[in-house]
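# Understanding the architecture of this molecule
Here are the chains, one letter per residue:
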Amino acid sequence: MNATIRSTGAYLPPKRVSNQDLAQIIDTSDEWIRSHTGIGSRHLAENETTSEMATEAAREALSRCDISAEELDMILVATSTPDYIGFPATASIVQNNIGALRSGAFDLAAACTGFVYAMECGRGLISSGVARNVLVIGAEKLSSLVNWKDRSTCVLFGDGAGAVVLSACNDDRGFLASRMRSDGSGADALIVRAGGIRNPIRGQNIPEEDLYIAMDGRRVYNFAVQVNTELFEVLPAEAGISIDEIKYIVPHQANVRIIKAAAKRAGIPMEKFYLNIEEYANTSAASIPIALNDLWKDGRLNPGDVIMTLGFGSGLTYGGQLIRL
């Protein structure tokens, strides 16, 4: 038994903040941000919570297929910005919101690789026979973790949610290859230092900068280029196909420079990649499903197409999949 993508959905907050808007509050410019990252704007949540954005993405995905909420067996939410620290799971809130009365629900934390990991969990549940229909969501409200005084990080991130419905299939569709890896020696390269049990906020004098995202940009860049180059080689080899047979490579939308450098190393033309970072910036676990939804709603994906997903981020984690639609 394999699993395939039945439909997609997404939610982007209405508030759009351009690079020019950011230049009004910090020392930066549209030219600098674009040249260093490829980002032109980002969508920022105002009153929306992570669960609310995830719920809207879920509803759109369900509306595009013949699977009802009552037919879902599991809901997985990949996020680094859950509604609550510890519990309850954001996925349980989504479950209630959409009326998935017989579904299980849990969150998964693997930062920007979270959606890739969650997809593999969903595939495993279906392949083992435990589930037939799994809703996989990536949702983030990264603006809540951004230090808006730090121009090296605040320009990078946006908010949003994306979702896919996975269902069982018995034909040649589904997951052709998959890889999930982590290099925990780089755990401090991209980190929010305060808020967990190692460094709780309550009762301590916490430096303000420890409440926000801190990043060693050079280490993250080098890691991302290296692991993406690796995935370009191992995933097609595992599936027994060539890069030419892949319709789209859908990477985590972190930085255009990372994708271009890895593509150049692997000799892959940029035309193979679907990028929407210019509009949405880095939405962490939400970036791949938002990109998949853009492709789906624009009619660029057809039955039989093979796509590659690539995730990489804090942990340091990375992974990817080859999927035949």
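Here's what I pulled together on the structure shown here. (Residues numbered from 1 in each chain as written. Predicted model: local features only at pLDDT ≥ 70, side-chain atom pairs only at ≥ 80, totals over all residues. Heavy atoms only, no water.)

### Topic: unusual backbone geometry
Which entries qualify depends on this criterion: Here a helix means four or more residues in a row that DSSP labels H or I, a strand means two or more in a row labelled E, and each is numbered from the N terminus.
The peptide bond linking Phe87 to Pro88 adopts the cis configuration, its omega dihedral lying at 5°. By secondary structure assignment, the location of Pro88 is in the loop between strand S4 (74-78) and helix H4 (90-98). At the junction of Gly315 and Leu316, the peptide bond is cis and its omega measures out at -10° in the coordinates. Within the element layout of this structure, Leu316 appears in the loop between strand S12 (306-313) and strand S13 (317-324). Even without being glycine, Ser284 reaches a positive phi, approximately 55°.

### Describing the sheet that holds strand S6 (residues 133-141)
Under the convention used in this document: Two strands pair if DSSP finds at least two bridges between them. Convention adopted: a line fitted to C-alpha atoms gives each axis, helices being fitted over their contacting stretch, and angles between N-to-C directions are expressed from 0 to 180 degrees. The contact rule is simple, with two residues in contact once any of their heavy atoms fall within 4.5 Å.
Taking strand neighbours across the sheet as the criterion, the five strands line up as S1-S7-S6-S4-S5 in an open arrangement whose pairing is mixed. Two strands lie at the open edges of the sheet, namely strand S1 (2-11) and strand S5 (104-108), each paired on one side alone. If you compare each strand with its neighbour and ignore which way they point, the axes differ by 20° on average. Alignment of S4 against S6, held across five bridges, turns out to be parallel. Within the sheet, the bridge partner assigned to Met74 lies in S6 and is Val134. In the packing of helix H5 (residues 114-127) onto the sheet, the strands contacted are S1, S4, S5, S6 and strand S7 (159-169), and the crossing angle to S7 comes to about 20°. Contacts from helix H9 (residues 287-297) reach S1, S6 and S7, with the element oriented near 90° to S1.

### Re the packing of helix H3 (residues 50-63) against H4
For clarity, the cut-off: In what follows, roughly perpendicular refers to angles from 65 to 115 degrees, roughly parallel to angles under 35, roughly antiparallel to angles over 145, and oblique to any angle outside these ranges. Should the near helix be turned counterclockwise from the far one by less than a right angle, the crossing is left-handed, whereas a clockwise turn marks it as right-handed. Put simply, Ala, Val, Leu, Ile, Met, Phe, Trp, Tyr, Cys and Pro go in the nonpolar bin, Asp, Glu, Lys and Arg in the charged bin, and everything else, Gly too, in the polar bin.
Interaxial distance between H3 and H4 falls to 9 Å at its minimum, and their mutual angle equals 50°. Taken together, the axis directions place H3 and H4 in an arrangement best described as oblique. As for how H3 packs across H4, the hand of that crossing is right-handed. For the pair H3 and H4, the contacting residues are Thr50, Ser51, Ala54, Thr55, Ala58, Arg59 and Leu62 in the first and Thr90, Ile93, Val94, Asn97 and Ile98 in the second. In terms of residue class, the contact of H3 with H4 is built from six nonpolar, five polar and one charged.

Any functional reading would require information beyond the geometric quantities listed.
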